[in-house]
Amino acid sequence: MPQESLNSYRSGPDERGHFGIFGGRFVAETLMPLILDLENHYEVARVDPAFKAELSYLLTHYVGRPSPLYFAERLTEHVREVAARAGDAGGAKIYFKREELNHTGAHKINNVLGQILLARRMGKTRIIAETGAGQHGVATATACARFGLECVIYMGAVDVERQKPNVFRMNLLGAKVVPVQSGARTLKDAMNEALRDWVTNVSDTFYCIGTAAGPHPYPAMVRDFQCIIGEETRTQMMASEGRLPDSLFACIGGGSNAIGLFHPFLDEPGVEIFGVEAAGFGLDKKHAASLAGGRPGVLHGNRTYLLMDEDGQIEEGHSISAGLDYPGIGPEHAWLKESGRVTYLSARDDEALQAFQLCARLEGIIPALEPAHALARVVEIAPLKPRDHLMVVNISGRGDKDIFTVAEHLEGI
Amino acid sequence: MEIATRIDRRFKELSGEGRAGLVTFVMAGDPDLATSLEILHALVRAGADILEVGMPFTDPMADGPAIQAAGLRALNAGTTLRKTLEMITSFRKSDETTPIILMGYYNPIYVFGVEAFLVAAKAAGVDGLIVVDLPPEEDQELCLPARTAGLNFIRLATPTTDDARLPAVLTNTSGFLYYVSITGITGAGVPDYGKVADAVAAIKAHTNLPVAVGFGVKNAESARTIARHADAVVVGSSIVETLRKSLDTEGRAGPDSVTVVEKFVEELAEGVRTAIAASA
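Here the structure is a predicted model, which means the values were calculated and not measured.

Novice: Give a detailed account of the overall build of chain A, specifying residues and quantitative values.
Specialist: For chain A, the helix and strand inventory stands at 17 helices and 14 strands. When its C-alpha atoms are laid out on the principal axes, chain A stretches across 65 × 50 × 45 Å. When each of the 413 residues of chain A is scored for burial, the buried share is 65%. Within chain A, residue pairs in contact and separated by at least 24 positions form 75% of the contacts whose partners lie at least 6 positions apart. For chain A, the exposed surface amounts to about 14,400 Å²; the carbon and sulfur share of it is 52%. Taking the 41 positively charged and 52 negatively charged side chains of chain A as two groups, their mean positions are separated by 3 Å.

Structure follows, in structure tokens:
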């Protein structure tokens, strides 16, 4: 892609919401006026100092930002031991971007607060959202409680069952959780049902999408709200090491934590960037790695890589992590893959479980199963890098929600 | 000027007869392809003027429970886009005149390949397309190539389509305009008939295209009411529900599946045809 490398990887999308061939606005006519209205309001808000000041205040005092950039000393020692055992003197210096310390325990709140402030500017009184693992649902319910807005969360019936603590949290926060019984009863069906609600309740309802996917302007808007992760990382790394990192790692479901970390570094040619998808039982079995095992298609308002059969029917993803269990991916990632700027890898369920335990024991940090996928590749690649290589991994959420799932699997081993 | 399709000819005939038309929706392959083909012929016998045939999709995000379930039954019975087109080919062997519109979502068409699909659909005897998730903003994807291939691309206008947006919706629309009478999914709610009349009148001020009205038409009575204000009435979910009730517990065709659908559509056709008497 010579054209992109001459210019910038950060200029997308175009005015019609396209990142190369990906993205776009593939929605029913009923929603088109709403999406255009949202785009207009967002374009005004994003450059309005009052909007930025309000969001910034909340991110500091409500969320607890900036989240620390933490030198993971014992994990670094570990990868250097691994390198030494292989007769090598290397082993990268590993930093964690601590998004799990945010209020509500994940990066999701960064985006939700931005969208809820926008909804208030637009005079919307009712908020709907989809959720898989429940993290986006909890973040949305939290922000709605904070601003006194009605909140309806769509969640696949299967996920309601396997993420009970988060369902309870959402209820405590005053949200109504609707178990979705259609289709495969997981995240994609929750998104379908949220879209059906939105088509029905057009006048008062704002759809707060949880990842950098969906029709334009959502992929760009969610990315912009999450870019604070990468911007802080840049400043913090300059402060602690006096230079930029050499590599970045993040897990990818829809890809909002990853694009938030990556985007501010896309035009830094010295920074290697790695996204890690969920390989489930393995890429040759059931998995949720849309880039590795899917092909371009159109779903949920955008063109992107999808898991589907020969007839274009959408297939179910599988991952031990409910947050990565989605058969698609944000369109900007699809484009970054094709342009070659970001390298996309994957990690299986069992690899994520091992990394989950390693992180807990070495660092006293229980990560969510989602970033445990990124950690699985970090512990493999870090030993191959020299000691002065600065590696950042986004710990996008904390693992409290996952301890029962993990316990179940560890008993099975 | 566009090449006239069976849809254009049918609306000309209806206008000559001075009555509204009946557009019926069923899902291809519901409950199986053989029964589905029989149902298409039964719909015509019962008085349907235009057939709208659903292309099943796993994630029909503008459809309510009835049509979602019909799509899943069709997929479970092995229906694919290719098989849907084969069924249309079979239908055309004994019916050369009834217009057929394929309705569905873009992904199966995109995966089939737009050019290959248009060639196959035209060859099978399809006259028009309704693709729910392709708004005017994405016209270059399928709408413009379809027009070049001689297929009508029928667009939906909704209560959220205001005067400012209507011209964009009408540009490149051909065959007819499908006015969705409620904001919501298929099979939900009942429209406010007074508002529907106003909306149709507002659309007519912008176009000479026929206007069909659908969503929320549940029986002969509501079909008759809508027919007073529109060039055609579209009925979907209630036909699909009538079919579902005739299936066995495994979702397979029952002995009277075709006849109950035929009888229900006869009532709808009667409702639409008597509407002229009411307004004349």
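Novice: So what's going on with the interface of chain A and chain B? Residues and values would help.
Specialist: In many reports, interface size means the accessible area that the parts give up when they come together. Facing the 39 residues of chain A at the interface are 36 residues of chain B. Here chain A meets chain B over a buried area of about 2,900 Å², counting both sides, of which 53% is carbon and sulfur. Remark: the boundary between chain A and chain B carries three salt bridges. As a salt-bridge pair, E141 of chain B and R303 of chain A come within 2.4 Å of each other at their nearest N and O atoms. Across the contact surface, chain A and chain B share 17 residue pairs in polar contact (both at pLDDT 80 or more). Going through the elements one at a time, β2 (22-26), α2 (32-45), α9 (187-200), β11 (295-299) and β12 (301-306) of chain A are the ones with two or more residues in the side of chain A that touches chain B. Ranked by residues supplied to the side of chain A that touches chain B, first place goes to α9 of chain A with eight residues.

Novice: I'd like to hear about the sheet that holds strand β3 (residues 69-71) of chain A, residue by residue, with values.
Specialist: Residues and elements named next belong to chain A. Within the open sheet, the six strands sit side by side as β3-β4-β14-β9-β10-β13. Their pairing is mixed. The open sheet is flanked by β3 and β13 (343-348), the only strands paired with a single partner. Across the sheet, the mean angle from the axis of one strand to that of its neighbour is 25 degrees, orientation sign disregarded. Relative to strand β14 (residues 390-394), strand β9 (residues 247-251) runs parallel, the two sharing three bridges. Following the sheet pairing, L248 is matched in β14 by V392. Strands in contact with helix α16 (residues 369-381) are β4 (93-97), β9, β10 (272-280), β13 and β14; relative to β9, the strand with the most contacts, it is inclined by about 145 degrees.

Novice: Go over the pattern of salt bridges with me, naming the residues and quoting the values.
Specialist: Scanning the entire structure with this criterion turns up 46 salt bridges over all chains. Linking R121 of chain A and D48 of chain A is a salt bridge whose minimum nitrogen-to-oxygen distance equals 3.1 Å. Pair noted here: R121 of chain A is in helix α5 (residues 108-121) and D48 of chain A is in the loop between α2 and α3 (49-63), with a separation of 73 residues, a long-range link. The class for R121 of chain A is partly exposed, based on a relative accessible area of 37%. The salt bridge involving K188 of chain A is made with D59 of chain B; its shortest N-O contact spans 2.9 Å. Placement of the pair is K188 of chain A in helix α9 and D59 of chain B in the loop between β2 (50-54) and α3 (65-76), with the two residues belonging to separate chains.

Novice: Got a sec to walk through empty space enclosed by the protein? Specific residues and values, please.
Specialist: All names here are of chain A. Summed over the entire model, instances satisfying the criterion amount to four cavities of 30 Å³ or more. Roughly 390 Å³ of volume is contained in the largest cavity. Every residue lining the largest cavity is counted, 31 residues in all, and those nearest its centre are H107, K108, G254, G323 and L324. Secondary-structure elements contributing two or more residues to the lining of the largest cavity are β5 (126-131), α6 (135-147), α9, α12 (256-262) and α16. Residue composition of the lining of the largest cavity, by class: 11 nonpolar, 16 polar and four charged.

Novice: Describe in detail the pairing of β11 of chain A, supporting the description with residues and values.
Specialist: Residues and elements named next belong to chain A. As judged from the five bridges shared by β11 and β12, these two strands associate in the antiparallel manner. Its bridge partner being in β12, R295 is matched across the sheet by L306. Here β11 folds back onto β12 in antiparallel fashion, the turn holding one residue, of which H300 has a positive phi close to 50 degrees.

Novice: Tell me what's going on with the sheet that holds β12 of chain A, and back it up with residues and numbers.
Specialist: Residue and element names in this part refer to chain A. Taken in spatial order, the four strands line up as β1-β2-β12-β11 in an open sheet, and their pairing is antiparallel. Of all the strands in the sheet, just β1 (18-19) and β11 have a single pairing partner and so form its edges. Each of β1, β2 and β12 touches helix α14 (residues 331-339); the most contacted strand, β12, lies at about 45 degrees to it.

Novice: Could you give me a rundown of the packing of aromatic side chains, with the residues and numbers involved?
Specialist: What the rule picks out here adds up to 16 aromatic pairs over all chains. Aromatic side chains W198 of chain A and Y218 of chain A sit 6.4 Å apart centroid to centroid with 75 degrees between the ring planes, which places their arrangement in the edge-to-face category. Taken together, the residues span a long stretch of sequence, with W198 of chain A in helix α9 and Y218 of chain A in helix α10 (residues 218-226) at a distance of 20 residues. Residue W198 of chain A is classed as buried on the basis of its relative accessible area of 3%. Through successive ring pairs, a cluster of aromatic residues spans F26 of chain A together with Y106 and Y110 of chain B. Between K93 of chain A and the ring centre of F71 of chain A, over which it is positioned, the NZ or CZ distance is 4.8 Å. A cation over an aromatic ring shows up here: R146 of chain A above the ring of F147 of chain A, its NZ or CZ 4.6 Å from the ring centre.

Novice: Describe in detail helix α2 (residues 33-46) of chain B, supporting the description with residues and values.
Specialist: Residue and element names in this part refer to chain B. Over its 14 residues, α2 runs 20 Å from end to end, which matches the ideal 20 Å to within 8%, given 1.5 Å per residue. Within the sequence span of α2, burial applies to T35, S36, I39, L40, A42, L43 and A46. N-cap assignment for α2: the residue whose side-chain oxygen lies 3.1 Å from the backbone N of A34 is D32.

Novice: Just give me the short version of the packing of α5 of chain A against α6 of chain A, but keep the residues and values in it.
Specialist: All names here are of chain A. As a packed pair, α5 and α6 sit with axes 9 Å apart at the nearest point and diverge in direction by 40 degrees. With respect to α6, the element α5 is oriented oblique. Judged by the twist between their axes, the crossing of α5 over α6 is right-handed. Listed contacts from α6 to K108, I109, N111, V112, L113, I116, L117 and R120 of α5 are Q135, H136, A139, T140, T142, A143, C144 and F147.

Novice: Provide a residue-level description of the state of the cysteines, including the pertinent values.
Specialist: For the structure on display, the rule yields zero disulfides over all chains. C359 of chain A forms no disulfide, and the closest cysteine sulfur to it belongs to C251 of chain A, at a distance of 13 Å.

Novice: Talk me through the confidence of the model for chain A; I want residue IDs and the actual numbers.
Specialist: Summarising the model, chain A shows a mean pLDDT of 95, and 98% of its residues fall at 70 or more. Low pLDDT (under 50) marks residues 1-5 of chain A, which in the prediction has four contacts with non-local residues, meaning those over four places away or in another chain.

Novice: So what's going on with the nonpolar core? Residues and values would help.
Specialist: In summary, soluble globular proteins display a tendency toward joint burial of nonpolar side chains. Within the largest apolar cluster, 93 residues are counted, with the highest numbers of intra-cluster contacts made by L113, W198 and Y207 of chain A together with Y178 of chain B. Not counting the four nearest positions on each side in its chain, W198 of chain A is found in contact with L31, L34, I35, I128, T205, F206, Y207 and Y218 of chain A. Within the second largest apolar cluster, 70 residues are counted, among which are V26, L118, L170 and V217 of chain B.

Novice: Please give an account of the pairing of β4 of chain A that cites residues and values.
Specialist: A regular strand places its side chains so that they alternate between the two faces of the sheet. Residue and element names in this part refer to chain A. Across the five residues of β4, four count as buried, placing the element largely inside the fold. Bridge analysis of β3 against β4 gives three bridges, and the strand direction is antiparallel. Its bridge partner being in β4, Y70 is matched across the sheet by F96. In this sheet, β14 lies alongside β4 in parallel orientation, the contact comprising five bridges.

Each value, and the rule that gives it
Residues numbered from 1 in each chain as written. Chains lettered and ligands numbered in written order. Predicted model: local features only at pLDDT ≥ 70, side-chain atom pairs only at ≥ 80, totals over all residues. Heavy atoms only, no water. Helix = DSSP H or I, 4+ residues; strand = E, 2+ residues; numbered from the N terminus. Buried < 20%, exposed > 50% of the residue type's maximum accessible area, 1.4 Å probe, protein only. Contact = heavy atoms within 4.5 Å. Areas by Shrake-Rupley, 256 points an atom, 1.4 Å probe, with all protein chains shown as cover. Lys, Arg positive; Asp, Glu negative; His and termini not counted. Charge placed at Lys NZ, Arg CZ, Asp CG, Glu CD. Buried area = accessible area lost by both parts, 1.4 Å probe. Salt bridge = Lys/Arg side-chain N within 4 Å of Asp/Glu carboxyl O. Polar contact = N/O pair within 3.5 Å; in protein donor to acceptor, adjacent residues only side chain to side chain. Pairing = 2+ DSSP bridges. Axes fitted to C-alpha atoms, helices over the stretch in contact; angles between N-to-C directions. 1 Å grid on protein atoms, 1.4 Å probe; cavity = no way out; pocket = protein on both sides within 12 Å on 5 of 7 lines; lining within 4 Å. Points joined across faces, edges and corners; volume = space filled by probe spheres on them. Nonpolar A, V, L, I, M, F, W, Y, C, P; charged D, E, K, R; others polar. Phe/Tyr/Trp six-rings, centres within 6.5 Å; stacked < 30°, edge-to-face > 60°. Lys NZ or Arg CZ within 6 Å of the ring centre and 35° of its normal. Expected span 1.5 Å × (residues − 1). Parallel < 35°, antiparallel > 145°, perpendicular 65-115°, else oblique. Left-handed = near helix turned anticlockwise from the far one by under 90°. Disulfide = S-S within 2.5 Å. pLDDT = per-residue confidence, 0-100. Core = buried A, V, L, I, M, F, W, Y, C linked by side-chain atoms within 4.5 Å.

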